[in-house]
Every structure is written in C-alpha cells, then in structure tokens.
Amino acid sequence: MAKRITIDPISRIEGHLRIDIEVENGAVSNSWSSCTMWRGIETILKGRDPREAWVFTQRSCGVCTTVHAMASVRSVEDALKLEIPLNAQYIRNLILINHGLHDHIVHFYHLSALDYVDILKIPQADPAKVSNLIEGLSPWTGNSKKEFLAAQNKVKAVAASGQLGIFTNGYWGHPAMKLSPEVNLLAFAHYIQALEYQRKSVQAVAILGSKSPHIQNLTVGGVSNAINFDSLGTLNMDKLFMIKELMAEVKTFVDQVYLPDVCAIAALYADWFNYGAGVTNYLASPDLPLDTKNTKFDLVGGYIMDGNLSSVHKFNGFRDDVFTKGVTEETKHAWYKGEKPLQPWEGETDPEYTEWAAEGKYSWVKAPRFQGRPMQVGPLAQILVGYAAGDPLTRKHTDKALGLISTIAGKKIGIEKLQSTLGRHVARAIRASMLAELGEKHWELLANNIGSGDVATHNEPSFPIGEIQGVGVHEAPRGLLSHWCVIKGGKLANYQAVVPSTWNASPRDAKGQHGPYEASLLKNPIADPTRPLEAIRTIHSFDPCMACACHTFDPEGKPVATVKVL
Amino acid sequence: MKKIKVCGVGSVLLGDDAVGPYTVRWIEANYEFGEGVAVEDLGTPGLDLIAYMTGMNVLILIDSVDNREPAGTVTVYDRAAITRHRPAVRLDPHSPAITESIFVAELAGDGPEEIYLIGITGEAFEVGAPLSEPVQKAIEKAAEVALECVVKHGGTFRRRQQPLPMDIWWENAIQTEVSA
C-alpha cells in the first residue's frame, strides 16, 4: 500500500509549490506538482501601453524582477523589429550576468546546500583538519583555520542557545546525510562567505540599472543610461571600474569556492548522479546578444530530445520559427477553461477552479509543451545544448568541472551523468563560471565600444495602427523565459508569460505525460516518509520559482508548512 | 551615525499587499531625510531581503499583515515578535522570508541591531485591484509610526514645503501614440 506524502508550504493568501508523492517500498511511485496560486499578470496588461509592460512584469516576481523586465522589452522590440544599440546590448548583458551570478550563488548556498550539509555535525569538526583536507585544492584566502573556527563557533553558539533559529527545519541526522564533520564545516564557512559575494553582484546590478531589486534603466529600444566618461550621474569611468572590481571579486569566489564546493559535494554524493533525470528533453534559448540585430550570441540555444546529445538542434536567434511554432500550453490538468493546446499568442487565461484532484485538475500552472513533448529548462538544458552543439566555452567549463569531480570521486564522471538531480547543481555552477568569464568579456566590449566614440543607448519605438506579434526570450537563471505579446493599435491585446518554472513544474498534459518535477521524483529513494529529504533534494535541484508571491507577513504564525503522511 | 533603512515590502499588483511600497512612496513624496537614512521599495524580495538588510543598524519594514484585526489597523512588531515563529520548510526562494532573512543576516554577523515591522492589516488582495479604503486611510498613520522609529534611533527628517508628486505608477496608465 502506497503512502501519500504532501509537501505543502501553505502561506496564507500566497500560494506556492505543492508536491505530492506516493511512496512504496522506500521509493517514490507516483507524483504531482502543483502551484497553488493563480498568476494574473496577463490580465493586468491587456489594454496597456507596450512600453510600460516591463515595469509591471518586473513586479510579477520579487526575486526574478530583472528577467521579467528584460523578456518584456525584448518581446515588444521583436514585434516592432527594432534594432538595439550595441551599448544597450552590453549594458543589458552585464545586468543579466550579474543577476544570474547572484541568483546561482544564493540558490546553491542558501537554498539547497543544507540538503547535503548536516549543520549539527559541525561542532564535532576539527578546524585544523579542514585546512589540511583542502590544501592545494583552492587558493581561496577564506580557507584559513581562523575562518573555520569562527564558523564553527557560530554553530556552537546557535546550538548552545537551544534556539535553532534558521536551522529549525533542517533534516539533521538524516540517514541520507553523508559528509564528514570537517566537510560540513567547510561548506558552512562558505555559506557565510557567500552572503558577502552575492551582495556584490546585487551592487553591480544596482549601479548599471540605477536601482535594485527593480532596475529603472530599461526602455523599449535600449536603455536609459546616459553615457559620459567624465560626467557624474551618468555611466562614467568611476562607475565602470566599480562594476569591474565587483565582478572580479565575484569571479574569484565562483572559481575558487562555488564551483569547487559543488564538485566536491557532487563527488561525495556521487550516487545522486543516478536519481532525478526525469524528463530528458531539454530546451534553452540563445542569450547575451553580440550585435544590434540579435543574430550572434555568447550562450547557445536549442533543444535535445530523449537525452540524446547527438540529436541537438540549434536555434538561430531569439525568434526561431522552430521555437515559436513548437510551443503550446495545455490546461487539461490545470485550473483553466478549455482543453485545446494553444500557442501563446492565442493563449487564454480563464480560471476554472476545482478541488485538488489527482486524476483531474490540480494546479494553477499550465502545461507548456514543445512539439507536444514536456521539456526540462534551466542551466542543465543550457549546458547540455551548448556542449552537444560543440560550443568551446561550454565545453571548456564543463570539462573542467567533470575533471574535478572525477578526481575527487576517484572514478570517471562523464557528461551523461549530468542528467540527474546532482547534475542540475553541477550545471548551474558551470553556468556561473561561464557567466563570470563572460562578464569580463562584455565589460571589455562595452568599454571599447564607448571608447570608440559610440554613446548611443536607445532607438525610439513607433507603433503601427495594425496588429503585430512579438516574442521576447531570455535564458534566465531558472531557464528559458518567454514573453509573448500581441499589440493592436499601439495597445497590448494579449500578453502571455511562459516562465521557466511553468516548464519544469508543469502538471500532466492531455496525454498524461508528467512534467519535469513529477518525472524526476519517480524512483527517488525515501528512507523516512516523515522526513522526505530526498524528494526535497530533487525539487531544490531545479531552483523552483513559484513566482508572483503575495508577501503578507503572518505574525501569528499559522502553520506555514506541513509534511503530512496520509 | 546610525544607518537606518525604511523598506516597503509587498506586491504592487495584489491589492492591499501594495501598502508597503505605497507608504514608502508617500513618505518620499512628503519628507526628506538626513544622512544615514534611506527609504526603499523592495517589492517581494523573499530571501534576497538579506542583501538589503546587511550593514544596517536599524531596519524598518512596512508590510501588509494578516493578524485578524480590522482592516487598516497599524501594529508594530519588534524583533522578538517577528522571529517568535519558526521558519517553514522552504521549497522555493520566493515565499515571505522576513524571519529567515533576519536569522541568516545575524549568523553572518552583519544584520541590523534593531528591526521593526510596521504591519497594516489588509482585507483584499485581488490581482490588479487598488488599495481598499481602510488601508488607504492607514497610510499616513503607518508613515507617522515609521518616522517615529527613525527619530528614536537618531535619524532626522524634514517635511517638504512642496510635496513631490507620488509615483504610484501601477495605478496610472500612460498613453500610446500610434503612427501609420
């Protein structure tokens, strides 16, 4: 008899991710992924001026602000066939790179590392041994006995206070926790140091975008930054060098700490390369454009079917017909009217709420499909597509990471192993190290272009009387994001956002095909159904984003999460 | 001199949840501050709140709350009241994370010494709706309480002789020009 487990952070009016799994003989036998809140951004935008859509979409998620702003302006620009000045492309790219670095660092250390790191074993660690353990592995200056001792003392103080605070809900002492006290301490010391480095990326975004978390400098047609090397209040030499310095510090952290940590934890948990592959169809968009017409890119986009890397198909640009014609959304198991798969330009958002029904409708997330297939998006998709397409930058960073993992694990870990729960973490760290390198490149491109005398940042849009359609894509930290707009007489007639987490958190479709979260949970081991750490590991590996949260604080502390064993 | 940050938190797209961003915009339109005091609309930062609270001596958050008081009630919570309840099992980085952010910043040793949450009880959180009447009426009161907190910790402010226009962009629409 299967046990049903519901993992449901119920947080009053805002709804988020709910996962239901059935466990039989110590492993997941069936699964459902639901989002418990309706996204209504599309409804708000109808009838508005396309030039201000990005300001609204930026607010649809408090963490992914920048990415929704970017996809929105690209969508309108695509409809208008507007070219974007080089400076604007580079400034946008630098914002996206820094935002991505911030996001990946926070995701690994502050959202998922404690799925593998047992905090309560840290007091037993010998800080001197930690230094010996990693000697020669990384030149990071933060790897000193003093730093480790300080980190250990923080944990001891929290443990001694009897109030675990932030650590209250960890699965400490769980049988799936495997690291030695010393490795736990090492990772925790970096958890604390990561707080400082993620903030540097936020600062870089704030300088470029005038503000953070909500950047102010986008316009349909470019950016609003005035460029003058010698003038205060504009993007001048001082500011450019501040950004360069911040990016250099973050790059050092990624190269010397984040990537090696992920590789070490992956090597020490190598059996997790065997779980969580799920949907092995991958979809990624090209990004970081290098010209005004969006024809050349630093990140490769395309798709792979059935985990077969030799099947890779590359996309030619932001608006590749294969992509735009291939995408549909279905609502058989989602709380919307209608059953027909619809292309997003024809998309409808008419809610029809029922009870949560395992065989019926059970989520506010629609089921996006590409050529009728469920697709996995995210850093893993981007890395696999780039690797399979032979992109030299992707290959260099991926081979470096796989080499390090293989050395620590004492056995060969090849590219095929990345199609797994752990692989998603490794791919994210590889992407971060690529972004850190590309940050340097795009900074040089911007500085040289301005140095050549080009200070243009904006092309003025003008709207036709008739109807036009646009798609704006962005390879966001969580994967392929696309905003689809229909403009009629200069007003938005339709607007649909197909966000990365709708691809990954998708419910079943009309054919009964599981979405990626659901598929990845099947066959996961579950040692203790009351503490389903293994399921949480797999879900966290996707970097879930059930965006558009309503943010009401509940000081009375109603139960905000339950793990029910039914 | 202490560094004091007044932050509006909440989604401007969800009815009364906009009250935090709304109130800080009202404050910015009507007051200017002395050195060390910053006023910001942070939206719904989730765990990213950490990045904005580190290095501050005093953090004053203005947010909608659900505390079963009548709509428009203004309640001040101190650090102990905010952190009394355990953080939840977290699946995503976006759920409200005030308590968790405070703990993490504290762990790093550079969290604020004093934290206040000025809560305004909301009643309607519909997508695209404006503030409800009782919440709209509570804005000046919430702003007053925030200013009292600023002064208590040595911050200074002055009422503008001419208030600036309030930037409540989500309630206004811009006009499009169309060309043939």
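Residues numbered from 1 in each chain as written. Chains lettered and ligands numbered in written order. Predicted model: local features only at pLDDT ≥ 70, side-chain atom pairs only at ≥ 80, totals over all residues.

Engineer: Can you help me understand the overall build of chain A in this one?
Structural biologist: Looking only at helices and strands, chain A features 15 helices and 16 strands. On C-alpha atoms alone, chain A measures out to a radius of gyration of 23 Å, which is about the 24 Å that the 2.2 N^0.38 rule sets for 566 residues. The C-alpha extent of chain A, read off along each of the three principal axes, is 70 × 60 × 55 Å. Among the 566 residues that make up chain A, the fraction classed as buried is 57%. (Helix = DSSP H or I, 4+ residues; strand = E, 2+ residues; numbered from the N terminus. Rg over C-alpha atoms; globule rule 2.2 N^0.38 Å. Buried ≥ 20, exposed ≤ 12 C-beta atoms within 10 Å, placed from the backbone.)

Engineer: I'm lost on the confidence of the model for chain B in this one. Help?
Structural biologist: Detailed reading of the predicted model is not advised wherever pLDDT is low. For chain B, per-residue confidence averages 87 on the pLDDT scale, and 89% of positions sit at 70 or higher. Across the predicted assembly, pTM comes out at 0.93 and ipTM at 0.89. (pLDDT = per-residue confidence, 0-100.)

Engineer: I keep staring at helix H11 (residues 392–409) of chain A and nothing clicks. Help me out?
Structural biologist: Two residues of an α-helix separated by three or four positions point the same way, owing to the 3.6 residues in each turn. Residue and element names in this part refer to chain A. Its 18 residues give H11 an end-to-end C-alpha distance of 25 Å, which sits within 8% of 26 Å, the value for a rise of 1.5 Å per residue. Of all the positions in H11, only Thr394, His397, Thr398, Ala401, Leu402, Leu404 and Ile405 are classed as buried. Looking straight down H11, one finds its buried side chains confined to an arc of 155°; they lie on one side. Its buried side turned inward, H11 meets helix H8 (237–268), helix H10 (379–388) and helix H12 (421–451). (Expected span 1.5 Å × (residues − 1). Arc of directions from axis to C-beta. Contact = placed C-beta atoms within 7 Å.)

Engineer: I keep staring at the environment of alanine 389 of chain A and nothing clicks. Help me out?
Structural biologist: Residue and element names in this part refer to chain A. Within the secondary structure layout, alanine 389 lies in the loop between H10 and H11. Overall, alanine 389 belongs to the partly exposed group, with 17 C-beta atoms counted inside 10 Å. Counting along the chain gives 87 residues from alanine 389 to glycine 302, while the straight-line C-alpha distance between them is 8.8 Å. Ignoring any residue separated from it by four or fewer positions in sequence, one finds alanine 389 in contact with Val300, Gly302, Val312 and Lys314.

Engineer: How should I be thinking about helix H4 (residues 86–112) of chain A in this particular structure?
Structural biologist: Residue and element names in this part refer to chain A. The first and last C-alpha atoms of H4 sit 37 Å apart over 27 residues, in line with the 39 Å expected at 1.5 Å per residue. When the local axis directions of H4 are compared, the greatest deviation, roughly 30°, occurs at valine 106. Counting buried positions over the 27 residues of H4 gives 26, a clear majority of the element. (Bend = angle between axes of the 7 residues up to and from the residue.)

Engineer: How should I be thinking about the sheet that holds strand S3 (residues 37–43) of chain B in this particular structure?
Structural biologist: In a beta sheet, neighbouring strands are held together by backbone hydrogen bonds and run either parallel or antiparallel to one another. Residue and element names in this part refer to chain B. Strand order in the open sheet formed by five strands is S3-S1-S4-S6-S5, and the pairing between neighbours is mixed. In this open sheet, the two strands that pair with only one neighbour each are S3 and strand S5 (74–78). Across this sheet, the average inter-strand angle for adjacent strands is 20°, counted without regard to direction. Pairing between strand S4 (residues 58–65) and strand S6 (residues 114–121): eight bridges, direction parallel. (Pairing = 2+ DSSP bridges. Axes fitted to C-alpha atoms, helices over the stretch in contact; angles between N-to-C directions.)

Engineer: Mind showing me how you'd approach the sheet that holds strand S9 (residues 302–304) of chain A here?
Structural biologist: Residue and element names in this part refer to chain A. If you trace the three strands from one edge of the open sheet to the other, you get S6-S9-S10, paired in antiparallel fashion. The open sheet has two edge strands, strand S6 (282–284) and strand S10 (313–314), and neither has a second partner. By the bridge criterion, two bridges tie S9 to S10 in an arrangement that is antiparallel. For tyrosine 303, the partnering residue across the bridge sits in S10 and is histidine 313. Here H10 sits on the sheet and contacts S6 and S9; the angle it forms with S6, its principal contact strand, is near 90°.

Engineer: How should I be thinking about the confidence of the model for chain A in this particular structure?
Structural biologist: Confidence in the prediction for chain A averages 90 pLDDT; 93% of positions are at 70 or higher. For residues 547–566 of chain A, every residue scores under 50 in pLDDT, and the model assigns this stretch 82 contacts once sequence neighbours within four places are set aside.

Engineer: Any chance you could explain unusual backbone geometry here in plain terms?
Structural biologist: All names here are of chain A. A cis amide bond, omega 5°, links serine 212 with the succeeding residue proline 213. For proline 213, the location among the structural elements is in the loop between helix H7 (181–209) and strand S4 (218–219). A positive phi is found at leucine 288, a non-glycine position, where the angle reads about 60°. Tracing the backbone shows leucine 288 in strand S7 (residues 287–289). Here glutamine 371, not a glycine, exhibits a phi torsion of approximately 50°, which is positive. Here glutamine 371 is to be found in the loop between strand S12 (367–370) and H10. A residue is classified by how many C-beta atoms lie within 10 Å of it, and glutamine 371, with 14 of them, is partly exposed.

Engineer: Got a minute to help me understand the packing of H8 of chain A against H12 of chain A in this structure?
Structural biologist: When two helices pack together, their arrangement is captured by the angle between the axes and the distance separating the axes. All names here are of chain A. In contact at an axis separation of 9 Å, H8 and H12 are set at 160° when each is read in the N-to-C sense. If you check the angle between H8 and H12, you find them roughly antiparallel. Crossing angle aside, the handedness with which H8 passes H12 is left-handed. Judged by residue contacts, Leu240, Ile243, Lys244, Met247, Val250, Lys251, Val254, Asp255, Tyr258, Leu259, Val262 and Ala266 of H8 engage Leu422, His425, Val426, Ala429, Ala432, Ser433, Ala436, Gly439, Glu440, Trp443 and Ala447 from H12. By residue class, the composition of the contact of H8 with H12 is 16 nonpolar, three polar and four charged. (Parallel < 35°, antiparallel > 145°, perpendicular 65-115°, else oblique. Left-handed = near helix turned anticlockwise from the far one by under 90°. Nonpolar A, V, L, I, M, F, W, Y, C, P; charged D, E, K, R; others polar.)

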